[in-house]
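Fold and geometry: a report
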Amino acid sequence: MSTRPFTVVVAAVLEALVGAAAAAGGLYSLFTAFSGRAASLTSALPLALLGVGVGALLVYVSVGLWRLREWARTPVVVTALFLAVVSYYMFTSGQHAIGGVMLAVALGAGGAVLAPPTTAALFPPHEGE
């Protein structure tokens, strides 16, 4: 039996999905750059590098959270806050479906990583306290 709470599993999976989406966006930007469909090659290549790099970093954070590393909590909270802000702008631009999904992921990951079972698993009481 695992000592990993369900809330940690939820937060780690959602963080990994956000990382995969960021990497997929970066790879799509790379594809458009090399297929000639990008409006500007000089902006598509750095965007591709940024997307793949951020995606890899977020997947690394999700693995850290899965392994119950306490340092992984803060990046998950920051990612959730970022997603919530971007979802607001998706709503205001009329892209309600994308904004709704982003807000649901932000609330799910943020709530899961800040839940009491996650806190107890990441920050267990030390002996002698």
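Above this text you will find the structure in question.
The following paragraphs examine the structure supplied in this document. (Residues numbered from 1 in each chain as written. Predicted model: local features only at pLDDT ≥ 70, side-chain atom pairs only at ≥ 80, totals over all residues. Heavy atoms only, no water.)

**Describing the overall build of the protein chain**
Scanning the protein chain from terminus to terminus reveals 5 helices and 0 strands. Ordered by position in the sequence, the α and β elements of the protein chain form the string α-α-α-α-α. Seen through its C-alpha atoms, the protein chain measures out along the principal axes to roughly 65 × 30 × 25 Å. A buried classification covers 33% of the 129 residues belonging to the protein chain. Partitioning the contacts of the protein chain with sequence separation of at least 6, the portion at a separation of at least 24 is 62%. When the accessible surface of the protein chain is totalled, it reaches about 7900 Å², and 74% of it is carbon and sulfur. The average position of the 5 basic charges and that of the 4 acidic charges among the side chains of the protein chain differ by 17 Å. (Helix = DSSP H or I, 4+ residues; strand = E, 2+ residues; numbered from the N terminus. Buried < 20%, exposed > 50% of the residue type's maximum accessible area, 1.4 Å probe, protein only. Contact = heavy atoms within 4.5 Å. Areas by Shrake-Rupley, 256 points an atom, 1.4 Å probe, with all protein chains shown as cover. Lys, Arg positive; Asp, Glu negative; His and termini not counted. Charge placed at Lys NZ, Arg CZ, Asp CG, Glu CD.)

**What to know about the side chain of Thr118**
Along the chain, the position of Thr118 falls in helix H5 (residues 116–122). The residues touching Thr118, leaving out its near neighbours within four places in the chain, are Thr7, Val8, Ala112 and Val113.

**A word on the packing of helix H1 (residues 6–35) against helix H4 (residues 96–114)**
When two helices pack together, their arrangement is given by the angle between the helix axes and the distance between those axes. Where H1 contacts H4, the two axes come as close as 8 Å, and the packing angle between them is 140°. Considering the angle they form, H1 stands oblique to H4. Viewed along their axes, H1 and H4 form a crossing whose handedness is left-handed. Mapping the contact onto sequence places Thr7, Val10, Ala11, Leu14 and Val18 in H1 and Val105, Gly108, Ala109, Ala112 and Val113 in H4. Residues of the contact of H1 with H4, tallied by class, amount to 8 nonpolar, 2 polar and no charged. (Axes fitted to C-alpha atoms, helices over the stretch in contact; angles between N-to-C directions. Parallel < 35°, antiparallel > 145°, perpendicular 65-115°, else oblique. Left-handed = near helix turned anticlockwise from the far one by under 90°. Nonpolar A, V, L, I, M, F, W, Y, C, P; charged D, E, K, R; others polar.)

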